[in-house]
Number of protein chains: 4
Amino acid sequence: MVLEKLISNAYAESLKNMRFGDKSEELSEIQSIILNSKRIVVATNNEKKFKVVFDIISKVCNAEVLMLGISTNSADLTRMPALSKGLIAVDSTDADVVISRGRLGIPGSGSLLLIMDKKGRILTGAMSSSSLIHKNRIEDSINLELTIALERIGILVKK
Amino acid sequence: MVLEKLISNAYAESLKNMRFGDKSEELSEIQSIILNSKRIVVATNNEKKFKVVFDIISKVCNAEVLMLGISTNSADLTRMPALSKGLIAVDSTDADVVISRGRLGIPGSGSLLLIMDKKGRILTGAMSSSSLIHKNRIEDSINLELTIALERIGILVKK
Amino acid sequence: MVLEKLISNAYAESLKNMRFGDKSEELSEIQSIILNSKRIVVATNNEKKFKVVFDIISKVCNAEVLMLGISTNSADLTRMPALSKGLIAVDSTDADVVISRGRLGIPGSGSLLLIMDKKGRILTGAMSSSSLIHKNRIEDSINLELTIALERIGILVKK
Amino acid sequence: MVLEKLISNAYAESLKNMRFGDKSEELSEIQSIILNSKRIVVATNNEKKFKVVFDIISKVCNAEVLMLGISTNSADLTRMPALSKGLIAVDSTDADVVISRGRLGIPGSGSLLLIMDKKGRILTGAMSSSSLIHKNRIEDSINLELTIALERIGILVKK
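Residues numbered from 1 in each chain as written. Chains lettered and ligands numbered in written order. Predicted model: local features only at pLDDT ≥ 70, side-chain atom pairs only at ≥ 80, totals over all residues. Heavy atoms only, no water.

Engineer: For the overall build of chain A, give the residues involved together with the corresponding values.
Structural biologist: A count of helices and strands for chain A gives six helices and five strands. Helices and strands appear in chain A in the N-to-C order α-α-β-α-β-α-β-β-β-α-α. The C-alpha radius of gyration of chain A comes to 16 Å, within 12% of the 15 Å expected for a compact globule of 159 residues. The C-alpha extent of chain A, read off along each of the three principal axes, is 45 × 35 × 30 Å. The buried share among the 159 residues of chain A stands at 64%. By element, 52% of the accessible surface of chain A is carried by carbon and sulfur atoms, the whole surface being about 6,200 Å². Counting 22 positive and 18 negative side-chain charges, chain A places the averaged centre of each group 3 Å from the other. (Helix = DSSP H or I, 4+ residues; strand = E, 2+ residues; numbered from the N terminus. Rg over C-alpha atoms; globule rule 2.2 N^0.38 Å. Buried < 20%, exposed > 50% of the residue type's maximum accessible area, 1.4 Å probe, protein only. Areas by Shrake-Rupley, 256 points an atom, 1.4 Å probe, with all protein chains shown as cover. Lys, Arg positive; Asp, Glu negative; His and termini not counted. Charge placed at Lys NZ, Arg CZ, Asp CG, Glu CD.)

Listed below in structure tokens is the structure:
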């Protein structure tokens, strides 16, 4: 209920034009949701991609980290594939936290990684260039995106 | 119609499990939509933020660049404020390209900049950390986000 | 977890092209979520509209039925105002079930009522014509929409 | 540009709390977009379903009416399958108007038909009960939904 209360307060501030940027208690709550999660579902059924996420996220939290049983490729026919993949995991599992990765928008738009809570609310994320631009291995891209997604809300990943 | 055809082909590839990442013709088309746009609307009515976007985007294209006449603050009560702001501009103007910037997700989740086409399809984007983490001036954050959003699809901005 | 399992099964069926319409256990689960909810939030801060929903929903379930503390009018600047209103309630409260009502799409498109669960998943809904077409009192429209929304998933409301 | 101007005005009214329901010029514009469309795409590759939509829509407008070349079944793994199907057609064709039909929400939630414009903005729609409740033939359900979707914005279909 803490997060709901923070969101309710932020919405009330926005309605009064009294909202002046992110607050430290909001950031703390986002960190707390991720660090204290018991069950994290990675919205992929690709073992290689899962392994990269598993290795990093296991450094920062004690959660059970699971791969999704069903394919999320169908999300590539939506406007925001990374978001749609995440919602497949939110809606079909009882995860506390979902980590998804996929295309940002239309074909050619590069990739987006998102971390969501159990209701599908977006906690943080990160992007990579189109693979045509960066030429990195996909494992390295996922590694970098997840590390940045965590760092931008103040969770540092030890190398 | 070029973009529609590329999307149709990419969707057909995904359905056949024959999709292997972004293609150079998709990237070229995204670049072409942005570089050849005639009318770009920035989804803000804040003159200071508009000015930063205007200065950068004017370096890479010849479009008329306009500020939105109406406030987009109401988007802060949606799940993806940056996306919702952009769609306000898409739906209420005849822009070829829309540039929007706002919160990524819930309060505390930091910011997201998106570049969309006239139908609201996402072409590229970039994120910043929560302002509590980075402590930069907002003008510098917008400048950096827009520059990265363009670079990740291969459009370089001269300093 | 029952609903998550049903959704997971349905998604797996769709992926195998073995999905042949709604199933009775899915319908039973939707009924069960609504009839056994403990806390229903109506996504409005308008007392008159709340009262209409309260009177009907109280006939079919024993839940605490609450009005939302904050205005949802900002949702009128989104592509699906009724949906956006519901998500404001989902994200800012700990409701088991949310009932929202607002415009279906663009201005002029008439109204939509939605019943969602705690994650924002849509359980059922109903529409009215544009108010220019039907000329009914708003209380009568809401009454009718909610009754139809419940009936279409097999929950009959006694007059 | 007429629709963009109407939407812009409606949004400005909402921001000033001066919005009092649908307006006749908004309804006229929605009717005009549908009645004067040149190219309507039905977001299905099922010939039987296409035929039902074709027969009705051809009574009210002179447009070329086309079936989508690619399957939209993948949309069943999204939160609003009918909406996602429609957006597949919007994004992959140059239709003026798109007609889509699919599940409203989660499995068991019954069906939704939507009529959208070229940008994916929702013009009108209609719902059916879960097929477990109504027991109608699917052709009859589609026929009824499309007729109601048109009537609720003031377009009458001759029998």
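Once the structure has been displayed, the description carries forward.
Engineer: Explain the sheet that holds strand β3 (residues 97-103) of chain D residue by residue, including any values.
Structural biologist: Residue and element names in this part refer to chain D. Spatially, five strands are ordered β2-β1-β3-β4-β5 in an open sheet, and the strand pairing comes out mixed. Strand pairing shows two members of the sheet lacking a second neighbour, β2 (64-67) and β5 (122-128), which therefore form its edges. Direction aside, the axes of adjacent strands within the sheet are offset by 15° on average. The pairing of strand β4 (residues 111-117) with β5 spans six bridges and is antiparallel. Across the sheet, Ile115 pairs through a bridge with Thr124, a residue of β5. (Pairing = 2+ DSSP bridges. Axes fitted to C-alpha atoms, helices over the stretch in contact; angles between N-to-C directions.)

Engineer: I'd like to hear about the sheet that holds strand β3 (residues 97-103) of chain C, residue by residue, with values.
Structural biologist: Residues and elements named next belong to chain C. Ordered by their spatial adjacency, five strands build an open sheet running β2-β1-β3-β4-β5, and the pairing between neighbours is mixed. Edge positions in the open sheet fall to β2 (64-67) and β5 (122-128), since each of these has one partner strand only. On average, each strand axis in the sheet is inclined to that of its neighbour by 15°, with strand direction left out of account. Looking at chain direction, strand β1 (residues 39-42) and β3 are connected through three bridges and run parallel. When the sheet's bridge partners are listed, Ile40 is paired in β3 with Val97. Contacting β1, β2 and β3, helix α3 (residues 47-60) runs over the sheet at an angle of about 165° to β2. (Contact = heavy atoms within 4.5 Å.)

Engineer: Before we move on, can you summarise the relation of the copies chain D and chain B with the specific residues and values?
Structural biologist: When chain D is fitted to chain B, the residual RMSD is 0.0 Å, and the transformation amounts to a turn of 180° plus an axial shift of 0.0 Å. One copy is carried onto the other by what is essentially a two-fold rotation axis. Ranked by how close their C-alpha atoms come to the rotation axis, the residues of chain D are headed by Lys119 of chain D, at 2.2 Å. Counting the interface residues of chain D, we find that 100% of their copies in chain B are interface residues as well, pointing to one common contact surface. (Least-squares fit on C-alpha atoms with pLDDT ≥ 70 in both.)

Engineer: Could you give an account of the interface of chain A and chain B, with specific residues and numbers?
Structural biologist: In this complex, chain A contributes 51 residues to the contact, which on the side of chain B involves 51 residues. Interface area, chain A with chain B, both sides summed: about 3,900 Å², of which 64% is carbon and sulfur. Among the residues of chain A in contact with chain B, Asp22, Ile106 and Arg152 of chain A are the three that bury the most area, contributing 19% of the side total. In this structure, the connection of chain A to chain B is made through zero salt bridges. (Buried area = accessible area lost by both parts, 1.4 Å probe. Salt bridge = Lys/Arg side-chain N within 4 Å of Asp/Glu carboxyl O.)

Engineer: Tell me about the interface of chain D and chain B, and name the residues and values.
Structural biologist: At the interface, 19 residues of chain D touch 19 residues of chain B. Carbon and sulfur atoms supply 63% of the area buried between chain D and chain B, which totals about 1,700 Å² over both sides. At the boundary of chain D and chain B, one finds six residue pairs in polar contact (both at pLDDT 80 or more). Of all the secondary structure elements, the ones that give two or more residues to the side of chain D that touches chain B are α1 (2-15) and α4 (81-92) of chain D. (Polar contact = N/O pair within 3.5 Å; in protein donor to acceptor, adjacent residues only side chain to side chain.)

So yeah, pure geometry; function would need other evidence.
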